Amino acid sequence: MMTTGINRSENMGKLGVCVVIMAAVCLLSPAAFSSDGTCLTLKKAALVEKDSVHLFDIATLTGTSKDQMKTMGATVVARSPRPGQTRFVGIDYIRIRLKQSGVDTASMIFKGPPDVRITRQAAALPIQRIQHAVEMAIRSRMPWKNEDVTISEIGFDETLQLPTGRLTYRIEPSRNEDYLGKTIMALHLFVDGDAVRKVWVNATISVMADVITVIRPLGKHAYIELADLSVERRDLSDLSSDTVSRIEDALGNRTTRMIYPQTVLQSSMFASPPLVRKGDIVKIVASAGPMMITATGMVKQQGCRGDMVRVVNTDSNRIITARVTGPGAVEVNF
């Protein structure tokens, strides 16, 4: 008898646990709330702002409690179209989405049109604001003086439509950008902190600077004199990267080709004249700290200032390599 009493107590305990579990399952089930008598009236058209379309965006609910209306209204029924575009969502698709969310649609009443026209709100790019930001980004990074630079033809896709919200952006130049002539930059767009698009921006950078021009014809191998040159203001974006900007860099050198008047001088158009030639007798200098040794030598090849040439030491007949330092002078490492 004692044993039988214990079994009954155990069975009652198990039954209580089962009831609690079943109640919890019912509470957690997606179809936990009843939709009896709920009336859904679909709108003919709706305007949305976010990426997802909720039921309360496209329909009105009646015949149920406020809590159930709030829960059902928050159901995501579709993805929003792209900003500025439109899509249609039918009542049958909405019914499926509600079922997937745990709503008993069999007891609901559906009214309104068979589908709803959903349009996504869009924001246009603030063109002038972005153009100004691009110009400021260029000026903050360029190596030129502000007064010498003109930035024009800033262009991008002005028809682009974005989601509504707080717009921010980041501008990145191309790798190895020299900020001269035609350039392209990346414009990263963010709405409410989320990255939405990357747009390419084109711009033209004009830089005015002093350059050296030739004012009279110069034949090949002619020595360049002060009377041959002039300083003019030109746009560097139209010129070669080796354009000469200082007169002293050209004076005394010899042309390597025919140069015509009004030509902008380039460093490739001239070369330093040879200071020593084959057979010249030169002074050889070898120094180490305060000690200096000199000797006489004969050059085996011509060379300009800074060139390494072969020289015969006339005392020892030994051939050495020396650097040209001036007319009739070479230097060796000691």
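Summary of the structure given here. These numbers come from a predicted model, not from an experiment.

1. Some words on the overall build of the chain
Helix and strand content of the chain: 5 helices and 22 strands. Looking at the chain residue by residue over its 334 residues, the buried ones come to 35%. Of the roughly 20,100 Å² of accessible surface on the chain, 53% is carried by carbon and sulfur atoms.

2. What about the nonpolar core?
By size, the foremost hydrophobic cluster in this structure holds 29 residues, and its most contacted members are L125, V134, I138, I171, L187 and L189. For this core, the elements supplying multiple residues, two or more each, are helix 5 (127–141), strand 10 (149–155), strand 12 (167–173), strand 13 (181–191) and strand 14 (194–214). Among the elements that line this core, the one with the most residues is strand 14, at 7 residues. Setting aside residues up to four positions removed in sequence, L187 forms contacts with I130, Y169, R170, I171, R197, K198, V199 and V201. Counting 20 residues, the second largest nonpolar core, distinct from the first, contains L40, L98, V103 and V116.

3. Comments concerning unusual backbone geometry
Notably, H221 is not glycine yet its phi reads approximately 70°, a positive angle. By the secondary structure assignment, H221 is in the loop between strand 14 and strand 15 (229–235). Its identity as a non-glycine residue notwithstanding, Q262 has a phi of 75°, on the positive side. By secondary structure assignment, the location of Q262 is in the loop between strand 16 (254–255) and strand 17 (270–271).

4. Describing the sheet that holds strand 7 (residues 109–111)
Read across the sheet, 3 strands follow the order 4-1-7 without closing on themselves; strand pairing throughout is mixed. The strands lining the two open edges of the sheet, one partner per strand, are strand 4 (59–62) and strand 7. The average undirected angle you get between the axes of adjacent strands in this sheet is 20°. The pairing of strand 1 (residues 39–42) with strand 4 spans 4 bridges and is classified as antiparallel. By the bridge assignment for strand 4, L42 is matched with A59.

5. Side note on the pattern of salt bridges
Using the criterion set out here, one finds 11 salt bridges in the structure. Taking the shortest distance from any N to any O, the salt bridge between R120 and D51 comes out at 2.8 Å. Residue R120 is located in strand 8 (residues 115–120), and its partner D51 is located in the loop between strand 2 (45–48) and strand 3 (52–54); the two are separated by 69 residues in the primary sequence. D148 is the salt-bridge partner of R233, the closest N and O atoms lying 2.7 Å from each other. One end of the pair, R233, is in strand 15; the other, D148, is in the loop between helix 5 and strand 10, with 85 residues separating them in the sequence. A relative accessible area of 18% means that D148 is categorised as buried. Through salt bridges with shared partners, a single ionic network connects D148, D210 and R233.

6. Remarks on helix 3 (residues 66–73)
Where helix 3 is concerned, the buried positions are Q68, M72 and G73. With its buried residues spanning 125° around the axis, helix 3 presents them on a single face. Every exposed residue of helix 3 that faces more than 90 degrees away from the buried side is listed here: K66, D67 and K70. Looking at the buried positions of helix 3, the neighbouring elements they touch are strand 3, helix 2 (55–58) and strand 4.

7. Section: the side chain of T38
Looking at the secondary structure, you find T38 in the loop between helix 1 (2–28) and strand 1. Excluding residues that lie within four positions of it along the chain, T38 makes contacts with L61, T62, G63, T64, M72, S107, M108 and I109.

The rules behind the values
- Residues numbered from 1 in each chain as written.
- Predicted model: local features only at pLDDT ≥ 70, side-chain atom pairs only at ≥ 80, totals over all residues.
- Heavy atoms only, no water.
- Helix = DSSP H or I, 4+ residues; strand = E, 2+ residues; numbered from the N terminus.
- Buried < 20%, exposed > 50% of the residue type's maximum accessible area, 1.4 Å probe, protein only.
- Areas by Shrake-Rupley, 256 points an atom, 1.4 Å probe, with all protein chains shown as cover.
- Core = buried A, V, L, I, M, F, W, Y, C linked by side-chain atoms within 4.5 Å.
- Contact = heavy atoms within 4.5 Å.
- Pairing = 2+ DSSP bridges.
- Axes fitted to C-alpha atoms, helices over the stretch in contact; angles between N-to-C directions.
- Salt bridge = Lys/Arg side-chain N within 4 Å of Asp/Glu carboxyl O.
- Arc of directions from axis to C-beta.

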